[in-house]
Amino acid sequence: QVQLVESGGGLVQAGGSLRLSCAVSGRAFSTYAMGWFRQAPGKEREFVAAISWSGDRLYYADPVKGRFTISRDNAKNTEYLQMNSLKPEDTAVYYCTAAYAGVPAVRRGDSDYWGQGTQVTVSS
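Just so it is clear, the structure is predicted and the values come from calculations on it, not from any experiment. (Residues numbered from 1 in each chain as written. Predicted model: local features only at pLDDT ≥ 70, side-chain atom pairs only at ≥ 80, totals over all residues. Heavy atoms only, no water.)

Draft legend 1. A look at the sheet that holds strand 7 (residues 68–73). In spatial order, the strands read 1-3-8-7; together these 4 strands make up an open sheet with antiparallel pairing. Two strands in the sheet have a free side with no partner beyond their single neighbour: strand 1 (3–7) and strand 7. Along the sheet, successive strands turn relative to each other by an average axial angle of 15°, direction set aside. Summarising the sheet, strand 7 and strand 8 (residues 78–83) pair through 6 bridges and their orientation is antiparallel. Residue pairing for strand 8: aspartate 73 is matched across the bridge by threonine 78. (Pairing = 2+ DSSP bridges. Helix = DSSP H or I, 4+ residues; strand = E, 2+ residues; numbered from the N terminus. Axes fitted to C-alpha atoms, helices over the stretch in contact; angles between N-to-C directions.)

Right, dumping it as structure tokens:
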């Protein structure tokens, strides 16, 4: 089985930056497409970003384009989400996810594995 553990969340001022990490254990990391979702209080979980197993395909939701960068280091079995120019509306619990079927499954939220989430709070 595969286990995903997020870290790096916290409180940051508007305009600041934060980097989230997702550590992966279990099946070979490079065989999974990866991604991030987020869920704000009272809202549905929404897609944030996705990356193919090889790292050559990147996808972003419109609200984060130009501000967030998804990446992965397969040698370290870790996925990252670099968040710059943070806004209060970015406040949410962020979830790491992985799908063996590839990027389309990640973008649909139809993933095989999910982390427990890490809280990101952006103050104004």
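Draft legend 2. Main features of the pattern of salt bridges. Scanning all chains against the criterion turns up 6 salt bridges. The salt bridge partner of aspartate 90 is arginine 67, with a shortest N-O separation of 2.7 Å. Highlighted residues: aspartate 90 in the loop between strand 8 and strand 9 (92–99) and arginine 67 in the loop between strand 6 (58–60) and strand 7, separated in sequence by 23 residues. The class of arginine 67 is buried, set by a relative accessible area of 11%. (Salt bridge = Lys/Arg side-chain N within 4 Å of Asp/Glu carboxyl O. Buried < 20%, exposed > 50% of the residue type's maximum accessible area, 1.4 Å probe, protein only.)

Draft legend 3. Local environment of the packing of aromatic side chains. In total, this model carries 4 aromatic pairs according to the counting rule given. Relative to tyrosine 100, the ring of tyrosine 32 has its centre 5.6 Å away and its plane inclined at 70°; by these criteria the two rings are edge-to-face. Of the two residues, tyrosine 32 is situated in the loop between strand 3 (18–25) and strand 4 (33–39) and tyrosine 100 in the loop between strand 9 and helix 1 (103–108); the sequence distance between them amounts to 68 residues. Judged by its relative accessible area of 3%, tyrosine 32 falls in the buried class. For tyrosine 100, a relative accessible area of 46% corresponds to the partly exposed category. For the pair tyrosine 32 and tyrosine 113, a centre-to-centre distance of 5.8 Å together with 70° between the ring planes defines the contact as edge-to-face. (Phe/Tyr/Trp six-rings, centres within 6.5 Å; stacked < 30°, edge-to-face > 60°.)

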